[in-house]
Amino acid sequence: MEEYIIKDGKRLRLGYTTGSCAAAAAKAACFMLLTGRRKETVELLTPKGILLTLSVLEITQGPDFVSCAIRKDSGDDPDATRDTLIFASVRKTDAPGVFIDGGAGVGRVTKRGLDQPVGAAAINSVPRRMIEENVCEVCKLCDYHGGISVIISVPDGQRLAQKTFNPRLGITGGISILGTSGIVVPMSEEALISTIRVEMEMRKAQGDRVLLVTPGNYGQDFLKTYPWVRADHSVKCSNYVGKTLEFAAELGFDAILFVAHLGKFVKVSGGIMNTHSHEADCRAELLTAQAVRAGADLALAKKLLETGTTEEAVQILKEAGCLKETMEKVTEKIAFYMNYHIEGRVQTEAIVFSSNEGLLGETPGAGELLERLREQEEKENRK
């Protein structure tokens, strides 16, 4: 792939995701299955709108199946799956539709709260959609109206998974097939932090006194809960909560409101200001500590400590009848550590949610900041 971005004055090559590899392999294999013709390259339009032309490798054409592979290219991004072969094996089925599953080296979900349900192959939603759309495109081209079974496999996946977070998430047996844009965009930590500050400076220049921050897309989606708040006016801070707080103080904002998934912000309740899993991951331990403060007994604490995701833990707390009390303790600590980090120079508030339960809790002044954001939006609309 010969697409580039410039970061910190460096020219960095883009790559493509395991999801793109799986979809391209499935598309090529389906074409060979339905036409009988060998295919050495395949084109794939990614969700980001970048068209890939990829070499098709390891082709096996059997009497009733075709298997082939695409090699993962991470560009200039450090990645455990660099150069890995992602295979797709396809067969016809009697029932119409596209049936997708994972084979050897693709992880299997064993705990609640992930993109796929328990028991499913760890092939995330966007890659599944990409596979289905591209297989359907080939079926339409070939005037085939039956069904297609697609099995994605990664021969080296089980070994590679040990270099990823999968074992701790309860994904066993291999890697996950991932990607939301289909493209891997390399970005240094310094460049990302610089980008956050630039975006904050832009909001300040446009007259914002209250800064609205979300770590990523989940937070922006949750902002739809508040229809008067424009998600595109929020700043994405990724994992850099501490740096964002520091910038807010330096730039002279009155207040900062984070809208964040519990999976990230439970770490802030322990004073962790870089929430990347490589820096720290004690989500279960921190949530358990706050549950104990809220009255959880030893049996519930042990159950929480065995969870792999905060979504799973939230369901356990809900079933135990102590979710509200636990989240009050969590948000209390979040408020304390954010304020402590910048020595009270800026009002700091947070709204915490989960994907399944929605709003979980908020710090005492969050409601006031939401109202100020409403006023801020109205003022901007009048300009």
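Parameters and conventions
- Residues numbered from 1 in each chain as written.
- Predicted model: local features only at pLDDT ≥ 70, side-chain atom pairs only at ≥ 80, totals over all residues.
- Heavy atoms only, no water.
- Helix = DSSP H or I, 4+ residues; strand = E, 2+ residues; numbered from the N terminus.
- Rg over C-alpha atoms; globule rule 2.2 N^0.38 Å.
- Buried < 20%, exposed > 50% of the residue type's maximum accessible area, 1.4 Å probe, protein only.
- Contact = heavy atoms within 4.5 Å.
- Areas by Shrake-Rupley, 256 points an atom, 1.4 Å probe, with all protein chains shown as cover.
- Lys, Arg positive; Asp, Glu negative; His and termini not counted.
- Charge placed at Lys NZ, Arg CZ, Asp CG, Glu CD.
- Axes fitted to C-alpha atoms, helices over the stretch in contact; angles between N-to-C directions.
- Left-handed = near helix turned anticlockwise from the far one by under 90°.
- Nonpolar A, V, L, I, M, F, W, Y, C, P; charged D, E, K, R; others polar.
- Salt bridge = Lys/Arg side-chain N within 4 Å of Asp/Glu carboxyl O.

When helices and strands are tallied, the chain shows 13 helices and 20 strands. Taking 21 Å as the expected radius of gyration for a compact globule of 383 residues, we find that the chain reaches 23 Å, a close match to that expectation. For the chain, the spread of C-alpha atoms along the three principal axes comes to 70 × 55 × 35 Å. Expressed as a percentage of the 383 residues in the chain, the buried residues total 53%. Partitioning the contacts of the chain with sequence separation of at least 6, the portion at a separation of at least 24 is 66%. Of the roughly 17,600 Å² that the chain leaves accessible, carbon and sulfur atoms contribute 49%. With 47 positive and 51 negative side-chain charges, the chain shows a spacing of 1 Å between the two charge centroids.

When you tally the buried positions in helix H11 (residues 310-320), you get eight out of 11 residues, the bulk of the element. What H11 keeps buried is the set Thr310, Glu311, Glu312, Ala313, Val314, Gln315, Ile316 and Leu317. Just downstream of H11, Gly321 is the residue with a positive phi angle, here 80°.

With that settled, consider the packing of helix H9 (residues 283-293) against helix H12 (residues 323-341). Contact geometry of H9 with H12 gives a least axis separation of 8 Å together with a crossing angle of 115°. Between H9 and H12 lies a crossing whose hand is right-handed. Across the interface between the two elements, Leu287, Gln290, Ala291 and Arg293 from H9 touch Thr326, Lys329, Val330, Glu332 and Lys333 from H12. Counted by class, the contact of H9 with H12 contains three nonpolar, two polar and four charged residues.

In total, this model carries 18 salt bridges according to the counting rule given. Ionic pairing is found between Glu246 and Lys243, a salt bridge with its closest N-O pair at 3.9 Å. Of this pair, Glu246 and Lys243 are both found in helix H7 (residues 241-251), three residues apart, which corresponds to roughly one turn of the helix. On the accessibility criterion, Glu246 (23% relative accessible area) is partly exposed. The salt bridge partner of Arg374 is Glu371, with a shortest N-O separation of 3.4 Å. Taken together, the residues Arg374 and Glu371, both in helix H13 (residues 366-382) and three residues apart, mark about one turn of the helix. Judged by relative accessible area, which is 28%, Arg374 ranks as partly exposed. We classify Glu371 as partly exposed; its relative accessible area is 36%. Salt bridges here are not isolated pairs; linked through shared partners, they connect Arg197, Glu201 and Glu250.

Honestly, it's all geometry; don't read function into it.
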